[in-house]
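# Structural description and commentary
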Amino acid sequence: MIDILKATIQYFSHSDSSTKKVEALQKQENITKGLVTIGKTHFATHYTAAVALEHCFPVIHDLTVDRAINFKVCAQFQLSLAQYIQIVGPLAHSLWALELAKTDAAHVFLFWLAMGAELKDLFERDVSEMEIEPELAWKFTQIFNSHY
């Protein structure tokens with residue numbers, strides 16, 4: 001999923017005409033957030049890029065249907081992206097909070113507990129609501145708990 005995310009962002013960063021068409025349609029539809037490149041030094045840049053891409057999917061889809069751009073939108077990738085955003089979101093937000101100037105060691109544990117509680121709430125929702133299969137939720141819970 002990350003490789004496809006990177007390739008998608010790279011496609012639009014190298015295609016001026018496609019980027020301009022996406023930006024023009026975003027302006028018409030009052031979508032204020034555009035695509036974001038993936039940086040090398042900031043925490044959770046993959047998450048930021050994924051959220052930005054998810055916001056742009058309706059515009060990209062419309063442009064591909066109209067054949068204004070030559071790009072294929074895959075439903076499976078959109079599902080994987082939505083799952084990634086739901087799972088990684090609490091982790092990314094905690095990382096950003098830990099970057100604050102007045103953060104100490106006690107905050108690390110508090111944010112760990114908050115991430116765990118958020119993920120527990122997420123995984124207890126109905127599958128149709130969250131689009132995350134129970135097997136994936138179980139695997140992720142095992143990974144998360146193994147780091148405790």
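Given the structure is predicted, the values throughout are model-derived calculations rather than measurements. (Residues numbered from 1 in each chain as written. Predicted model: local features only at pLDDT ≥ 70, side-chain atom pairs only at ≥ 80, totals over all residues. Heavy atoms only, no water.)

### Overview of the packing of helix 1 (residues 2–14) against helix 2 (residues 16–28)
Note the threshold: The angle between two axes is taken between their N-to-C directions and runs from 0 to 180 degrees, where each axis is a line fitted to C-alpha atoms and a helix contributes only its stretch in contact. Where helices and strands are cited, they refer to DSSP runs of H or I of at least four residues and of E of at least two residues respectively, numbered from the N terminus. In what follows, roughly perpendicular refers to angles from 65 to 115 degrees, roughly parallel to angles under 35, roughly antiparallel to angles over 145, and oblique to any angle outside these ranges. The contact definition used throughout considers only heavy atoms, calling two residues in contact when any of these lie within 4.5 Å. Under the grouping applied here, Gly and all other residues not named as nonpolar or charged are polar, the nonpolar ones being Ala, Val, Leu, Ile, Met, Phe, Trp, Tyr, Cys and Pro and the charged ones Asp, Glu, Lys and Arg.
Between helix 1 and helix 2, whose axes approach to 5 Å, the crossing angle comes to 95 degrees. Of the possible angle classes, the one that applies to helix 1 and helix 2 is roughly perpendicular. Residue-level contacts link Y11, F12, S13 and H14 of helix 1 to D16, S18, T19 and V22 of helix 2. Considered class by class, the residues forming the contact of helix 1 with helix 2 number 3 nonpolar, 4 polar and 1 charged.

### What to know about the pattern of salt bridges
The condition that has to hold: Criterion for a salt bridge: a side-chain nitrogen of Lys or Arg within 4 Å of a carboxyl oxygen of Asp or Glu. For every residue, the accessible area (1.4 Å probe, protein chains only) is compared with the maximum for its type, and the residue is labelled buried under 20%, exposed over 50%, or partly exposed between those bounds.
By the definition in use, this model includes 1 salt bridge. Residue E124 is joined to K120 by a salt bridge in which the shortest nitrogen-to-oxygen separation is 2.9 Å. Note that E124 and K120 are positioned in helix 5 (residues 105–124) at a spacing of 4 residues, about one turn of the helix. For E124, a relative accessible area of 55% puts it in the exposed group.

### Comments concerning unusual backbone geometry
Positioned with a positive phi, N30 is a non-glycine residue whose angle comes to about 55 degrees. Looking at where N30 falls in the secondary structure, it is placed in the loop between helix 2 and helix 3 (45–65). Overall, the relative accessible area of 67% leaves N30 in the exposed class.

### Some remarks on the packing of aromatic side chains
Put simply, the rule is: Classification of ring pairs uses Phe, Tyr and Trp, with its six-membered ring standing for Trp, and accepts pairs whose centres are within 6.5 Å; under 30 degrees between planes counts as stacked, over 60 as edge-to-face, and the remaining range as tilted.
Per the counting criterion, the structure on display carries 5 aromatic pairs. Centre to centre, the rings of F57 and F77 are 6.0 Å apart; their planes meet at 80 degrees, and the pair counts as edge-to-face. One end of the pair, F57, is in helix 3; the other, F77, is in helix 4 (residues 75–98), with 20 residues separating them in the sequence. Summarising the burial analysis for this pair, F57 and F77 share the class buried. Judged by centre distance (4.2 Å) and plane angle (5 degrees), the rings of W112 and F144 are stacked. Residue W112 is found in helix 5, and its partner F144 is found in helix 7 (residues 134–146); the two are separated by 32 residues along the sequence. What makes W112 partly exposed here is its relative accessible area of 21%.

### Concerning the side chain of S94
Within the secondary structure layout, S94 lies in helix 4. For S94, the contacting residues outside a window of four places in its chain are F111 and M115.

### Observations regarding the nonpolar core
Applicable threshold: Nonpolar core, defined: a set of buried Ala, Val, Leu, Ile, Met, Phe, Trp, Tyr and Cys residues in which side-chain atoms within 4.5 Å join the residues together.
Of all hydrophobic cores here, the largest spans 23 residues; its most connected members are L5, Y47, L53, I60, L81 and I85. Of all the secondary-structure elements, those providing two or more residues to this core are helix 1, helix 2, helix 3 and helix 4. With 9 residues, helix 3 is the largest single contributor of residues to this core. Sequence-distant contacts of L81, that is, excluding residues within four places in its chain, are made with M1, L5, A50, L53, E54 and F57. Counting residues in hydrophobic clusters, the runner-up holds 10 residues, among them I87, M115, L119 and F123.

### Considering the environment of A49
For A49, the position within the fold is in helix 3. Each C-alpha atom, one on A49 and one on E124, is 27 Å from the other, the two residues being 75 residues apart in sequence. The residues contacting A49, other than those within four sequence positions of it, are L5, I9, V36 and I38.

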